Amino acid sequence: MVSGGGTGTFAADVDADGDIDGSHFGLGATVRAGSLRGHFECQMAGNADFLGLKLMAVEGRVAGGWASSESGTALLSGNATVNLANGVIFRDVPYEVQLWAGGPGVGRLKLTVIGAFDGVAGDTLPGNGNYDLPTETVATGRITVR
C-alpha cells in the first residue's frame, strides 16, 4: 500500500517569479491484480502562483507502478487531467510520480507529466518531450510505502 498527503517544497523558485514553489499532494494506491491501483493528485495552488497560474492541478487514477516496503520507494503511473484553471484543461495525459517514504524533510516526490509541457519553466530535462518537475521534499504530512 502507498498513501500520503501534505505539502511539498522544491526549496527553490523554479518558475522565476520570486516565490519558493511547492505543491499540495494526496495519494492512495493498493496492489490489485499484480499492479498498483488508486488515485493521485498534485496541485500547485493556494499559497503562491506557479507559472503565472493561480492553479495547476494534475489529478488521475493510478493504473500501474510498483512499491517496495523494503526500500520505502514507489512509482505510480496512469493518466491524469491537467487543469490550468485559466479555462485550459488537458485530459488523459500520462504521468508518473516517484515517491520516497517519510515525513517532513525526509519524504520526497518527483512528478513527470509525459508527452506535454516540455521546456516550460521548471522543466528539469528540456528536450525529452516531458515536463519533469524537480524533486520535492515533504514540508508537511507524510508519504507511506508498506
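A brief report on the enclosed structure follows. None of the values given here were measured: they were computed from a predicted structure. (Residues numbered from 1 in each chain as written. Predicted model: local features only at pLDDT ≥ 70, side-chain atom pairs only at ≥ 80, totals over all residues. Heavy atoms only, no water.)

## Here's the deal with the overall build of the protein chain
In terms of regular secondary structure, the protein chain is built from 0 helices and 10 strands. Helices and strands appear in the protein chain in the N-to-C order β-β-β-β-β-β-β-β-β-β. Compactness check: the protein chain gives a C-alpha radius of gyration of 14 Å against a globular reference of 15 Å for 146 residues, within 12% of the reference. Its C-alpha atoms give the protein chain principal-axis dimensions of roughly 40 × 30 × 25 Å. Taking all 146 residues of the protein chain together, the buried fraction comes to 41%. Of all intrachain contacts in the protein chain linking residues separated by at least 6 positions in sequence, the fraction that spans at least 24 positions is 44%. Total accessible area on the protein chain stands at roughly 6800 Å², and carbon and sulfur atoms take up 52% of it. Separation of charge centres in the protein chain, based on 9 positive and 15 negative side chains, amounts to 13 Å. (Helix = DSSP H or I, 4+ residues; strand = E, 2+ residues; numbered from the N terminus. Rg over C-alpha atoms; globule rule 2.2 N^0.38 Å. Buried < 20%, exposed > 50% of the residue type's maximum accessible area, 1.4 Å probe, protein only. Contact = heavy atoms within 4.5 Å. Areas by Shrake-Rupley, 256 points an atom, 1.4 Å probe, with all protein chains shown as cover. Lys, Arg positive; Asp, Glu negative; His and termini not counted. Charge placed at Lys NZ, Arg CZ, Asp CG, Glu CD.)

## Quick word on the pairing of strand β8 (residues 108-113)
Judged by how many residues are buried, β8 sits mostly within the fold: 5 of 6 residues are covered. As paired elements, strand β7 (residues 89-100) and β8 share 6 bridges and run antiparallel to each other. Looking across to β8, one finds that Val97 is bridged to Leu111. Bridge count for β8 against strand β10 (residues 136-145) is 2 bridges, and the pairing is antiparallel. Bridge assignment links Leu109 to a residue of β10, and that residue is Glu136. In this structure, β8 lies alongside strand β9 (residues 131-132), joined through 2 bridges in antiparallel fashion. By the bridge assignment, Val113 is partnered in β9 with Tyr131. (Pairing = 2+ DSSP bridges.)

## Some words on the nonpolar core
Ranked by size, the top nonpolar core spans 31 residues in total, and within it Phe40, Leu76, Val97, Leu99 and Leu111 carry the most contacts. Every element with two or more residues in this core is listed here: β2 (22-32), β3 (35-50), β4 (53-62), β6 (73-83), β7, β8 and β10. Not counting residues up to four positions away in its chain, the partners in contact with Val97 are Phe40, Ala74, Leu75, Leu76, Leu109, Lys110 and Leu111. (Core = buried A, V, L, I, M, F, W, Y, C linked by side-chain atoms within 4.5 Å.)

## Here we look at the packing of aromatic side chains
Any two aromatic rings considered together are summarised by their centre-to-centre distance and by the angle between their planes. In this structure the tally under the stated criterion is 3 aromatic pairs. Here Phe40 and Tyr95 contribute two aromatic rings whose centre-to-centre distance is 5.5 Å and whose plane-to-plane angle is 20 degrees, an arrangement assigned as stacked. Here the residue Phe40 occupies a position in strand β3, and Tyr95 occupies one in strand β7, the gap between them amounting to 55 residues. The two residues Phe40 and Tyr95 agree in class, both being buried. Seen in terms of ring centroids, Phe117 and Tyr131 are 6.3 Å apart; in terms of plane orientation they differ by 75 degrees. Their pairing is edge-to-face. Linking Phe117 in the loop between β8 and β9 with Tyr131 in strand β9, this pair joins segments that are 14 residues apart in sequence. Judged by its relative accessible area of 1%, Tyr131 is buried. Members of the aromatic cluster, connected to one another through ring pairs, are Phe90, Phe117 and Tyr131. The ring of Trp100 is capped by Arg108, whose NZ or CZ atom sits 4.3 Å from the centre of that ring. (Phe/Tyr/Trp six-rings, centres within 6.5 Å; stacked < 30°, edge-to-face > 60°. Lys NZ or Arg CZ within 6 Å of the ring centre and 35° of its normal.)

## Overview of the side chain of Ser23
Looking at the element boundaries, Ser23 is found in strand β2. Given a relative accessible area of 2%, Ser23 falls into the buried group. In terms of polar contacts, Ser23 uses its side chain to reach the side chain of Glu136, at 2.9 Å. Excluding anything up to four places from it in sequence, Ser23 contacts Gly6, Thr7, Gly8, Cys42, Gln43, Met44 and Glu136. (Polar contact = N/O pair within 3.5 Å; in protein donor to acceptor, adjacent residues only side chain to side chain.)

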